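Below are the chains, spelled out letter by letter.
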Amino acid sequence: MRIAVFVTCWGDALFPATGRAVVRLLEHLGHEVVFEPAQTCCGHMHWTAGYHPEAIALARRLTEVFAGHDVIVTPSASCAATVRTAYPRMDPALAGLPVYELSELLVDVLGVTDVGARYPHRVTYQPTCHSLRALGLGDRPLRLLRAVRDLELADLPEAGECCGFGGAFAVKNADTSVAMVADKIARIHETGADVVCATDDSCLTHLGGALSRLRSGVRAVHLAEILASGLGAAGPAPVPGGVARRADAP
Amino acid sequence: MRFSDAARPELGDPAARRGRRRAAAEARGRRADAVGGFPGWEALREAGAAIRERTLRELGTHLETLEAAVEEEGGHVHWARDAAEARRIIDSLLPDDVPAALVRSDVTDEIGLDGAEPGPHSKAAVVGAGFLVAETGTLVVAERGDGLSFPGTLVAVAGIEDVVPGWTDLEVLLQLVSRAGAGVPMRPAISTRTGDFALVLLDNGRTTVLADPDGRAALRCVHCSACSDVCPVFQRTGPRPYGPGRAGPIGAVLTPQVRGVEAPLGASLPFASTLCGACADVCPVKIDIPAMLVHLRGRVVDARRGRPVPPPEMLLMRGLAWSMGDERRYEHTLVRRARWARLLARDGRIRRLPGLFGKWTDARDLPAPPRQSFRAWWRRRR
Amino acid sequence: MTAREEILGRVRGAFPGGDGGGVTVPRGYRRRAPVPRGDVIALFGERLADRRAAVRHVALDELAVAMAAMLWAREAKRVAVPADLPRAWLPGLDGVRPLTDDPPLDPAALAEADGVVTGCALAIAETGTVVLDGGRAQGRRELTLVPRHHLCVVHADQIVHTVPEAVGRLDPYLPLSWISGPSAGRTLEILVVEDW
Ligand code: SF4
């Protein structure tokens, strides 16, 4: 299948390893991955911050850039949710862009749960708010994680509660945001996991940033990277570093 | 005061925070039991949302029906534009010589009434209404009947949106309020009275809310408090930072609509949420609070657009939007900002950012942007 | 302009095209369910137990004895009763004195009562609710508000299954009290009479 990847602006700049993992994973599964170089931002940040005309312009732009693609994948639940739920509110003409979050693409469209990955870590999964509520991903990410070899999955208590990121919220209400992430990290530590996994680099920036500040041994890792680990086909498995999210090799 | 400033002292009280968390967790557990195994809960929510929506769209008609029904049964209806007018009317209705008892509700709090609980010796009482049934003129309170049954003066106070069209609608709304809010199949006590009471109908900003097609659904609220019980922000801050109006997620959408989005409280409340969506998930009348918050954020920003000197955030957001409008501008910005950010980094992490983002690095690191963006990697790979 | 005209004007002004209308209420929720009577009655007992209300099921000829036992256990010595409470319900036993609400007990006399015995208008199984409407064997609302203990007699055939069934049967013009379990420091006990 020919699959267009939308890496998101955040991922492009700060977490290119996530996008690379998506490419490696899908190519390993035998699909053709294309990258539209004109892609920038879906408008999520402007929309939720109240800059609506700006957001709508970005949404129109993204819709044009991906016109003609039947299957678009993004490793961000919040960007997928923006396209699916906010675009039709911005303009009914923007409804219907076929963007899938990675676990949706794998489980629903490609019909795979065992991608062949190997990841020897104790992992706990944080269902981000957009993946849980806006997209209704349900247990898709968990099914994918359960199929990973050598991965020990630990249940996260109070998993459904928000980590406190919320985009502008993390800065405008920094104290409340930090109080929330402190509680989330306490729950993560209770699991004894050495990796916390999610489907969104934005929430992972927040979790990883707080874990890094606390010098916690727990690392925040995107689902895509775990699923692309140990595939063997395209080079060595990525080794997540201990820094903030990870030190990305140049 | 801004929400974030008002929240700071509340966050600094860890014992209170733990208490609120525990209470909220218990409330969530009760609620999950009360709706989890109940057949047709979603259908009941659909009906409740439609009943409330219909009420709002036909509010003028239902209010007039209510007025006629109350007066037909020997009662009297008074209209109050604001809290002060409501207090004046209530004062004029109560006898001078005996103290009036009070059955509190969100509306009686809103207009600032206080008084003792009613007892067998009460001669006059003011009760905050739960619902008013237009068709029959019936007053419904989700409390014991103490305030409703004595041979004295009874004054009921209600927001204009507390009307429900028909008696049958109660079969939906009473179940929704009880299960979603208190987490029980039915509230411990519900009392009704038809006829022989004075009713004060309060506007106090509600018609302003009603006039905003993207905001009016907030008036569907049936005051169950489920949204506060599940709100991660409310659990940390408690009710106080939400100001003098209602607290929790519904307060964050109502107060800015009623008081405007210019003053610090009204301008900050729409941002007092991570948009996590937990409130919309539980709201028994399906108010899409996160969508409404986003709408109000737009109003806050629009109100600032005309300023002669744009605030720094606006410059940043407009600049970003301009950059992202074109892939060359975007990549140029990306490369430049990443280089700048790497200068601030040590050991791959940024521990202090200047300006707007300083709030981020007060408690969280940021990873240094890698030298190679995804698109640079993709180009090199081909 | 009066406040009434102004408010109604603003309400109507919010919908420039006239009353919004156009919303139909989907009544697809459960209004009744085909459940055997026995199960409905059992469900009522379970829900009451969930709400910490004591419940006993008795045959009619056991009612007086059961009632006496329950009042004794509560040490209820003076018990307010509505004027039309069936005499056969009252235990003719030493130590329990009925205070008949005829002429109406004044607040002071009511405050002295340790308990109150009433019937009800109907009961709702799936919520564990008894509803009083001031009708037969129920008296005025104040009777049940003051005493700290309420013993309510429910006939099995007064128990409906769902809330919609109850709302359909109740008269909106009567003063209704829906009581679901104890509240505000008051205890509630229910006697279900199975063969009326
Ligand atoms: S807005 Fe909140 S309080 Fe109002 S009905 Fe919905 S959940 Fe209940």
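Residues numbered from 1 in each chain as written. Chains lettered and ligands numbered in written order. Predicted model: local features only at pLDDT ≥ 70, side-chain atom pairs only at ≥ 80, totals over all residues. Heavy atoms only, no water.

- In the annotation of an unreviewed UniProt entry, the entry for chain C reads LUD domain-containing protein, and the organism field reads Actinoallomurus iriomotensis.

- In the nomenclature of an unreviewed UniProt entry, chain B is known as 4Fe-4S ferredoxin-type domain-containing protein of Actinoallomurus iriomotensis.

Let's talk about the overall build of chain C
Working step 1: A tally of helices and strands in chain C yields 6 helices and 10 strands.
Working step 2: The C-alpha radius of gyration computed for chain C amounts to 21 Å, which surpasses the reference 16 Å derived for 196 residues by more than 25%, pointing to a less compact arrangement than a globule.
Working step 3: Overall, the C-alpha framework of chain C stretches about 70 × 45 × 25 Å when taken along its three principal axes.
Working step 4: Out of the 196 residues belonging to chain C, those deemed buried represent 54%.
Working step 5: Here chain C has roughly 8600 Å² of accessible surface; of this, 53% comes from carbon and sulfur atoms.
Working step 6: The positive charge centre, built from 23 side chains, and the negative charge centre, built from 25, are 5 Å apart in chain C. (Helix = DSSP H or I, 4+ residues; strand = E, 2+ residues; numbered from the N terminus. Rg over C-alpha atoms; globule rule 2.2 N^0.38 Å. Buried < 20%, exposed > 50% of the residue type's maximum accessible area, 1.4 Å probe, protein only. Areas by Shrake-Rupley, 256 points an atom, 1.4 Å probe, with all protein chains shown as cover. Lys, Arg positive; Asp, Glu negative; His and termini not counted. Charge placed at Lys NZ, Arg CZ, Asp CG, Glu CD.)

Overview of the packing of helix 15 (residues 312-324) of chain B against helix 16 (residues 327-344) of chain B
All names here are of chain B.
Working step 1: Running from N to C, helix 15 and helix 16 point in directions that differ by 125 degrees, and their axes come no closer than 6 Å. By the criterion of interaxial angle, the relationship of helix 15 to helix 16 is oblique. Where helix 15 approaches helix 16, its residues Leu-316, Trp-322, Ser-323 and Met-324 are matched on the opposing element by Arg-329, Tyr-330, Thr-333 and Arg-337.
Working step 2: When its residues are assigned to classes, the contact of helix 15 with helix 16 shows 4 nonpolar, 2 polar and 2 charged. (Axes fitted to C-alpha atoms, helices over the stretch in contact; angles between N-to-C directions. Parallel < 35°, antiparallel > 145°, perpendicular 65-115°, else oblique. Contact = heavy atoms within 4.5 Å. Nonpolar A, V, L, I, M, F, W, Y, C, P; charged D, E, K, R; others polar.)

Side note on the domain arrangement of chain B
For interface size, the figure often reported is the accessible area lost on association.
Working step 1: Taken domain by domain, chain B comprises domain 1 (3-32 + 208-305), domain 2 (38-204) and domain 3 (321-381).
Working step 2: Computed over C-alpha atoms, the centres of domain 1 of chain B and domain 3 of chain B are 33 Å apart. (Domains from an automatic or database assignment.)

Quick word on unusual backbone geometry
Working step 1: A cis amide bond links Asp102(C) to the next residue, Pro103(C), at an omega of 0 degrees.
Working step 2: Within the element layout of this structure, Pro103(C) appears in the loop between strand 3 (97-100) and helix 4 (107-112).
Working step 3: In this model, Asn204(B) sits at a positive phi of 50 degrees, which is unusual for a non-glycine residue.
Working step 4: With respect to the element layout, Asn204(B) can be found in the loop between strand 9 (198-202) and helix 8 (206-210).

With respect to helix 10 (residues 174-190) of chain A
Residues and elements named next belong to chain A.
Working step 1: Spanning 17 residues, helix 10 covers 24 Å between terminal C-alpha atoms, matching the ideal 24 Å at 1.5 Å per step.
Working step 2: Every buried residue of helix 10 is accounted for by Ala-174, Thr-176, Ser-177, Ala-179, Met-180, Val-181, Asp-183, Lys-184, Ile-185, Arg-187 and Ile-188.
Working step 3: Just downstream of helix 10, Gly-192 is the residue with a positive phi angle, here 70 degrees. (Expected span 1.5 Å × (residues − 1).)

Here we look at the interface of chain A and chain B
Working step 1: Counting from both sides, the interface comprises 67 residues of chain A and, opposite them, 68 residues of chain B.
Working step 2: Summing both partners gives a buried area of about 5900 Å² for chain A against chain B, and 60% of it is carried by carbon and sulfur.
Working step 3: There are 14 salt bridges connecting chain A and chain B.
Working step 4: Salt-bridge contacts for Asp12(A) lead to Arg375(B); the nearest nitrogen and oxygen are separated by 2.7 Å.
Working step 5: Connecting chain A to chain B are 34 residue pairs in polar contact (both at pLDDT 80 or more).
Working step 6: At 9 residues, the largest contribution of residues to the side of chain A that touches chain B is made by helix 10 of chain A.
Working step 7: Classifying every residue of the side of chain A that touches chain B by side-chain character gives 33 nonpolar, 17 polar and 17 charged. (Buried area = accessible area lost by both parts, 1.4 Å probe. Salt bridge = Lys/Arg side-chain N within 4 Å of Asp/Glu carboxyl O. Polar contact = N/O pair within 3.5 Å; in protein donor to acceptor, adjacent residues only side chain to side chain.)

Focus on the interface of chain B and chain C
Working step 1: With 62 residues of chain B in contact, the opposing surface of chain C contributes 52 residues.
Working step 2: Buried area between chain B and chain C, both sides added, is near 4700 Å², and the carbon and sulfur share of it is 60%.
Working step 3: For chain B, the biggest contributors to the area lost against chain C are Arg144(B), Trp167(B) and Glu171(B); these three give 14% of the whole.
Working step 4: For Arg4(C), the salt bridge goes to Glu67(B), with nearest N and O atoms at 2.6 Å.
Working step 5: Where chain B meets chain C, there are 18 residue pairs in polar contact (both at pLDDT 80 or more).
Working step 6: The biggest single contributor to the side of chain B that touches chain C is helix 3 (residues 41-57) of chain B, with 10 residues.
Working step 7: Counted by class, the side of chain B that touches chain C contains 27 nonpolar, 15 polar and 20 charged residues.
Working step 8: Bridge count for strand 8 (residues 189-194) of chain B against strand 9 (residues 177-179) of chain C is 3 bridges, and the pairing is antiparallel. Residue Ile190(B) lies in a different strand from strand 9 of chain C, and its bridge partner there is Trp178(C). (Pairing = 2+ DSSP bridges.)

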